[in-house]
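Take a look at the letters that make up each chain.
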Amino acid sequence: MGGKETLKPLIELKDVSYTYPDGTCALKRVSIRIPEKSIIAITGANGSGKSTLLLIMAGLLDPQEGCVRFRGIDMKELGCKVRHEIGIVFQDPDDQLFAPTVYDDIAFGLRLLKLSEKEVRARVYEVARELGIESLLSRPPHRLSGGEKRRVALATTLVLNPPVLLLDEPFSDLTSYAAEYLMNLIVRLRDFGRTIVFTSHDVDIVAELSDYVYILAKGQLVAQGKPNEVLCNDELLSKAELRPPTPTIIYRELMGYGDKCPIKMSELLSILNKVTALHSHNE
Amino acid sequence: MPKSLLSSFLNGIADVLEVFSFERKEDAKLFDDRSISISLLMLAIAVSFSKTIYSPLILLLLVAVLTRLFKVNVRYTLKVAGVTAIFVIGVTLPMALYQAYLSCDVEGGLGANLISIVSDVAIPLILRAVAAATVVTLMAQCLGLTRLMKVLRGLRFPPKLLFILMLYIRYIPIMLRQLVKLLSAREARLLSKSKVKNSWFMLSTVTGSLLIIGFERAFRLQMALKARGLHYDLIPTYSGKISLPDLVFMTLMLGLAFVLVLM
Ligand SMILES: Nc1ncnc2c1ncn2[C@@H]1O[C@H](COP(=O)(O)OP(=O)(O)OP(=O)(O)O)[C@@H](O)[C@H]1O
Ligand SMILES: [Mg+2]
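Counting restarts for each chain: residues are numbered from 1 in the order of the written sequence. Here chains are named by letter from A upward and ligands by number from 1 upward, in the order in which they appear as written. Only residues with pLDDT of at least 70 get local features here, since the model is predicted, and only at 80 or more are side-chain atom pairs given and counted; chain-wide, interface and lining totals rely on the full set of residues. Here the side-chain values reflect all heavy atoms present in the structure, with hydrogen atoms and water set aside.

1. Structural notes on the nonpolar core
Then, number 1: We define a nonpolar core as any set of buried Ala, Val, Leu, Ile, Met, Phe, Trp, Tyr and Cys residues linked to one another through side-chain atoms lying within 4.5 Å. Each residue is placed in one exposure class: buried if its accessible area under a 1.4 Å probe, protein chains only, is under 20% of its type's maximum, exposed if it is over 50%, and partly exposed if it falls in between. The biggest cluster of nonpolar side chains holds 63 residues, and the ones touching the most others in it are Ile11(A) and Met57(A).
Then, number 2: In this text, helices come from DSSP runs of H or I with a minimum length of four residues, and strands from runs of E with a minimum of two, each type numbered from the N-terminal end. For this core, the element with the most residues is helix α7 (residues 159-190) of chain B, which contributes 12 residues.
Then, number 3: The contact rule is simple, with two residues in contact once any of their heavy atoms fall within 4.5 Å. Not counting residues within four places of it along the chain, the set of residues in contact with Met57(A) comprises Ile11(A), Leu13(A), Ile32(A), Ile34(A), Ile42(A), Met75(A), Ile86(A), Leu166(A) and Val197(A).

2. Concerning the site of ligand 1
Then, number 1: Taken together, 16 residues are adjacent to ligand 1, and Gly47(A), Lys50(A), Ser51(A), Thr52(A) and Gln91(A) come closest.
Then, number 2: Nearness is judged by heavy atoms alone; a residue qualifies as near a molecule or strand once a single heavy atom is within 4 Å of it. Around ligand 1, the nearby residues trace back to chains A and B.
Then, number 3: A 3.5 Å cut-off defines polar contacts: any pair of N or O atoms within that distance qualifies, except that in protein one atom must be a possible hydrogen donor and the other a possible acceptor, and neighbouring residues in sequence count only when both atoms are side-chain atoms. At 2.8 Å, a backbone N or O of Gly47(A) approaches an oxygen atom of ligand 1.
Then, number 4: Between ligand 1 and the protein, one listed contact pairs an oxygen atom with a side-chain N or O atom of Lys50(A) at 2.7 Å.

3. Overview of the domain arrangement of chain A
Residues and elements named next belong to chain A.
Then, number 1: Domain limits in this description derive from either an automatic procedure or a database domain assignment. Each assigned domain of chain A is listed with its residue range as follows: domain 1 (9-242) and domain 2 (245-283).
Then, number 2: Each partner contributes to the interface: domain 1 provides nine residues, whereas domain 2 provides 10 residues.
Then, number 3: As a working definition, buried area equals the accessible area (1.4 Å probe) given up by two parts on being put together, with both sides summed. Between domain 1 and domain 2 the total buried area reaches about 770 Å² when both faces are included, carbon and sulfur atoms providing 53% of it.
Then, number 4: Of all residues in domain 1, Asp204, Glu208 and Cys232 give up the largest surface area on contact with domain 2, accounting jointly for 53% of the area buried on that side.

4. What to know about the pattern of salt bridges
Then, number 1: Salt bridges are identified by distance alone: a Lys or Arg side-chain nitrogen within 4 Å of an Asp or Glu carboxyl oxygen. Inspection of the entire model under this criterion finds 20 salt bridges over all chains.
Then, number 2: The partner of Arg33(A) in a salt bridge is Glu12(A), and the shortest N-O contact between them spans 3.4 Å. Here Arg33(A) is found in strand β2 (residues 25-34), whereas its partner Glu12(A) is found in strand β1 (residues 11-19), with 21 residues between them in sequence.
Then, number 3: By relative accessible area, which is 16% here, Glu12(A) ends up buried.
Then, number 4: One salt bridge connects Arg220(B) with Asp95(A), and the closest N-O pair in it is separated by 3.5 Å. Note that Arg220(B) is positioned in helix α8 (residues 196-227) and Asp95(A) in helix α4 (residues 93-96), a pairing that runs across two chains.
Then, number 5: For Arg220(B), a relative accessible area of 30% translates into the label partly exposed.

5. Re the coordination of the magnesium ion (ligand 2)
All names here are of chain A.
Then, number 1: The protein atoms that coordinate the magnesium ion (ligand 2) are Ser51 (OG) and Gln91 (OE1), at distances spanning 1.9 to 2.1 Å. Of this pair, Ser51 sits in helix α2 (residues 50-57) while Gln91 sits in the loop between β6 (86-89) and α4, and the two are 40 residues apart along the sequence.
Then, number 2: Assessed through its relative accessible area of 22%, Ser51 is described here as partly exposed. Each metal's donors are the N, O and S atoms found within 2.8 Å of it, except that Na, K and Ca use a 3.2 Å limit; water is left out, so coordination can look incomplete.

6. Thoughts on the environment of Ser37(B)
Residue and element names in this part refer to chain B.
Then, number 1: Within the secondary structure layout, Ser37 lies in helix α2 (residues 33-49).
Then, number 2: Separated by 111 residues in the primary sequence, Ser37 and Leu148 place their C-alpha atoms 7.6 Å from one another.
Then, number 3: Polar side-chain contacts of Ser37 include one of 3.0 Å to the backbone oxygen of Asp33.

7. Observations regarding the sheet that holds strand β10 (residues 220-225) of chain A
Residues and elements named next belong to chain A.
Then, number 1: In this description, strands pair whenever DSSP reports at least two bridges between them. Overall, mixed pairing links the six strands, which are arranged β6-β7-β8-β3-β9-β10 in an open sheet. At either margin of the open sheet sits one strand with a lone partner, and together these are β6 and β10. Each strand axis lies, on average, 15 degrees off the axis of its neighbour in the sheet, ignoring direction.
Then, number 2: Of the strand pairs in this sheet, strand β3 (residues 39-44) and strand β8 (residues 195-199) are connected by four bridges, and their pairing is parallel. Each residue of the ladder has a partner; that of Ile42, found in β8, is Thr199.
Then, number 3: Set on the sheet, α2 makes contact with β3, β6, β7 (164-168), β8 and β9 (212-217); between it and β3 the angle comes to about 140 degrees.
Then, number 4: Each of β6 and β7 is contacted by helix α7 (residues 146-158), which is oriented at about 170 degrees to β6, the strand it contacts most. Fitted lines through C-alpha atoms serve as axes, helices being fitted only where they are in contact, and the angles separating the N-to-C directions of these axes extend from 0 to 180 degrees.

The structure is reproduced here in structure tokens:
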């Protein structure tokens, strides 16, 4: 990590272990540092503890061991004050949505603040427009499709505009077009100074989007680093039951093994363009 | 997908209960939130203690007027009134029959007894329940859940109690919908057609799963509410000023409540 070590992290988990009441050990001595204004990905196989980790980061689950700090202060001391700082979108939108209409659901958090209904309305519509769900506002959330629900769930958190956003599998259920839109939105939020932590088992998306990656396997941290360092390391990936990103696989198939593999589609394309240019030049 | 009778019934109840978690979308209001909620609560209590059938009838009339005045949706009020009526009839009718049967050989025939019991006891009871339910619905619709919570918090209700109340109001419809989901999953797997007889059988088989899922859902709902800033320490307190029109409104309503009890 080098330089980042000296920077004060926004959220810090130290040797965190969590066991569910039924005895399932979901996390074992995990330490994580989330720097400000960055996009952090948490990836790993099904059941590796990603969702549990996010709930702990949000302060919604208390770990049995270890400590969680937000801006250097213990999460337990902060209590409910941290709620306005950290927004979380659950993996299952059905857990997130509880109001009779989509509008009410998005407005719920705002109404608890001291805002007039006019301001509430303006902000709800702004977020709905951003996420393309304006036409759903009067519908009951439990009658929406999977992808629609996911967008509404995202809206309920985005509308509060928290400095930290924790997104649990935000890309599942979305079409590739919607996923690309969301990726752009996340990058824009980061550029506005927000910190985003997301989980995903789609290595391609992790490679495209993240500034820093943590890989979990069976509740333990097996790797961390910049995506271009971690995601072409087959040994690490196989430990976590993941495969390399598609561009890396294609590159290796075409070029054989190199030490510097592209992980993003754009990187692969620029390499391929250079190669074809060279070929045509030679001919 | 053809819906079973049971599923539609459960969904219907969920819809009705959800009326209480509605939120008001406008700031505009005729009277102060506090005076509306106190007056209407008092009216609901008063009508529950009234003796004749005139008080509930007067109250229903008043609710109709206030519904116009406050511009709330009549549909939901009617829905709640209907469900309450069905519920109360379901409870009182067998009781009335039983009473009529008991007093049968003392005086008059079964039919005559039944008529007198229904008109003297059952109908006033049903009317009172419906009137009280519509007043409470009117209040819920007038303010919306969050504003109502703020008012109650302002009236020194214990915040923990309010939090639990809010949790329940949101939770019951979710739970009923979960039940419908469980039922339809079972229906799809076990039986091609659903009949009333099968409905009861299925209801008995899902009870176990419902309890487990219900517990988990309650836990997750609590997390969802917390995640979006609802903590019992954070329920804001209502702080509006009571003006002269509010006072007049409140005095009128409380006076009426007094009359309703005496009637
Ligand atoms: N409420 C719970 N009670 C008991 N065990 C649980 C509970 N939730 C999760 N677990 C268990 O904890 C472990 C980690 O679960 P978690 O949901 O964090 O995984 P995940 O990495 O998010 O998986 P996925 O990619 O499938 O979402 C799993 O073994 C799971 O079975
Ligand atoms: Mg998960």
